[in-house]
Amino acid sequence: MAHHRTTPAPDPTPGSSFAPARGRLLRTLGPAVVGALLLGAALFTGEPADRGEAVPVSDETALSAVDAHGQLQVCGLKLCDENGQPVQLTGMSSHGLQWFDDCLTDASLDALAGDWNADVLRVSMYIQEGGYETDPRGFTDRVHELVEEGTRRGLYVIVDWHMLTPGDPNHNTDLALDFFAEMAAAHSDKDNVLYEIANEPNGVSWDAVKGYSEQVIPVIREQDPEAVVLVGTRAWSSLGVSEGSDHSEIVADPVDADNIMYVYHFYAASHGGPHFDVFRQAAQELPLFVTEFGTQEHTGDGPDDFASAQAYLDFMAEEQISWVNWNFSDDFRSGAVFEPGTCAAGGPFGGTGALKPAGEWIREQIRTSGTGA
Ligand code: IDC
């Protein structure tokens, strides 16, 4: 595949706080025991009293999101952890792997987990526009690698089937069935992978999206019965609003599957007003996960509207709705967090030195929200 990273991912540095052995050990013990042990260890070793906001979560005693919460499940309208407690995940989406793979390196992912304090990485694999359909094997292998990289760092990973144009998910059903069967089989023993089966259906009825979902979900469940599945909604995952509908079509005719959430996307400078109203209403009726939002216009570019974005984030904090921001790259558009050239230069990915205004804003939001806050 074009622009594919050719060097294999090195093993984690010995002694690194992201060493896989720690995660495995902690997972076998279970979240509650581990929490108690680590709390004890932290007290015993005398953590520095001054734990200001500059202290990274890569600290040896910090629990990763996955260590703390394990296998997720949908309980009622909420995303819950393995003990049935509601949990809010916050994090970042990659840009398209066909364009910005060089922004997903050991250093950038270390920064996302350790300095940004993210809980979740969304791996955005486009299907068209030079994506998966041009090299299924290459893209599938790269997504496998990124799942491993996220796992090593204690992140939840959303595997995003980033269909966009054409907008009918049924255009890609055969490809999706192959891809998800392989993904779900390969990662069924992990408890940190979520499957997003259709990024943004558009120009199609809810019925078409539901039909597609009811073909793909059983294939995932057959391999990995526990994974939470995220279902894109009509009209660019606007719950139908951008094409004159709303969430009631889903409430009236939900996808026939358990342990799923419906996806909502918003771009704050374009989607205040009626979009926000429907989202708030839908949160009382459907399990929701925001797998993409921007502080800009729907192009992912233009001026930031931080006030509108903050209103959304405040509501999502109240409702414990998980969210992922678009996007962790150095694209020129205002919604890409890094200044152009950052990825080729190898960073810096931590701190604020290479961040655009939207990047600085969202890094702070992620650091102070979600499971690690
Ligand atoms: C945009 C990218 C842009 C790319 C375009 C290609 O920012 O670089 O050229 O896709 O289609 C979405 C989509 C997401 C869009 C994003 C911003 O899921 O792929 O990314 N957006 O337009 N939905 C609403 C906005």
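Refer to the structure above for everything that follows.
Since this is a predicted model, take the numbers as computed values, not measurements.

Student: Would you mind going over the packing of aromatic side chains with me for this structure?
Tutor: What describes a pair of aromatic rings is the distance from one ring centre to the other and the angle between the planes of the rings. Summed over all chains, the structure comprises 23 aromatic pairs. On the numbers, 6.1 Å between centres and 25° between planes, the contact of Y264 with F266 is stacked. This pair shows no difference in class: Y264 is buried, exactly as F266 is. With centroids separated by 5.5 Å and ring planes inclined at 90°, the aromatic side chains of F293 and W323 adopt a geometry described as edge-to-face. Taken as a pair, F293 in strand 9 (residues 288-294) and W323 in strand 10 (residues 323-326) lie far apart in primary sequence, 30 residues in all. Exposure remark for W323: the relative accessible area of 2% places this residue in the buried category. What links up through ring pairs into an aromatic cluster is the set Y264, F266, F276, F279, F293, Y312, F315 and W323. Directly above the aromatic system of F276 lies the positively charged group of R280, at a separation of 4.1 Å from the ring centroid.

Student: Help me understand the pairing of strand 5 (residues 156-162), please; the structure alone is not making it clear to me.
Tutor: Across a regular strand the side chains alternate sides, sitting on one face of the sheet and then on the other. Most of strand 5 sits out of view: seven of its seven residues are buried. Burial along strand 5 is two-sided: the residues Y156, I158, D160 and H162 and V157, V159 and W161 are all buried. In this structure, strand 4 (residues 120-126) lies alongside strand 5, joined through seven bridges in parallel fashion. Pairing of V123 across the sheet is with V159, part of strand 5. Between the parallel pair strand 4 and strand 5, the chain is carried across by helix 6 (residues 136-152), and the sense of this crossover is right-handed. Examined bridge by bridge, strand 5 and strand 6 (residues 193-196) share four bridges and lie parallel to one another. Considered in strand 6, the bridge of V157 is made with V193.

Student: Please clarify how the site of the ligand should be interpreted in this entry.
Tutor: Near the ligand, the surroundings consist of 16 residues, among which Y126, H162, E200, E292 and R333 are the closest. Take E129: an N or O atom from its side chain is 2.9 Å from an oxygen atom of the ligand. Between W326 and the ligand, the recorded distance is 3.4 Å, taken from a side-chain N or O atom to an oxygen atom. For the shell around the ligand, the class distribution of residues is five nonpolar, six polar and five charged.

Student: Mind showing me how you'd approach the pattern of salt bridges here?
Tutor: Oppositely charged side chains can form a pair if their charged atoms are brought close together. This structure, assessed with the given rule, holds 21 salt bridges. Across the pair R153 and D110 runs a salt bridge, and its minimum N-O distance is 2.8 Å. Here R153, found in the loop between helix 6 and strand 5, pairs with D110, found in helix 5 (residues 106-114); they are 43 residues apart in sequence, far enough to count as distant. Look at D110 and you get partly exposed, because its relative accessible area is 30%. Of the charged contacts in the structure, one is a salt bridge between D115 and R367, with a shortest N-O distance of 3.6 Å. Of this pair, D115 sits in the loop between helix 5 and strand 4 while R367 sits in helix 13 (residues 357-367), placing them 252 residues apart in sequence.

Calculation criteria
Residues numbered from 1 in each chain as written. Predicted model: local features only at pLDDT ≥ 70, side-chain atom pairs only at ≥ 80, totals over all residues. Heavy atoms only, no water. Phe/Tyr/Trp six-rings, centres within 6.5 Å; stacked < 30°, edge-to-face > 60°. Buried < 20%, exposed > 50% of the residue type's maximum accessible area, 1.4 Å probe, protein only. Helix = DSSP H or I, 4+ residues; strand = E, 2+ residues; numbered from the N terminus. Lys NZ or Arg CZ within 6 Å of the ring centre and 35° of its normal. Pairing = 2+ DSSP bridges. Right-handed = clockwise from strand over helix to strand, strands pointing away. Near = heavy atom within 4 Å. Polar contact = N/O pair within 3.5 Å; in protein donor to acceptor, adjacent residues only side chain to side chain. Nonpolar A, V, L, I, M, F, W, Y, C, P; charged D, E, K, R; others polar. Salt bridge = Lys/Arg side-chain N within 4 Å of Asp/Glu carboxyl O.

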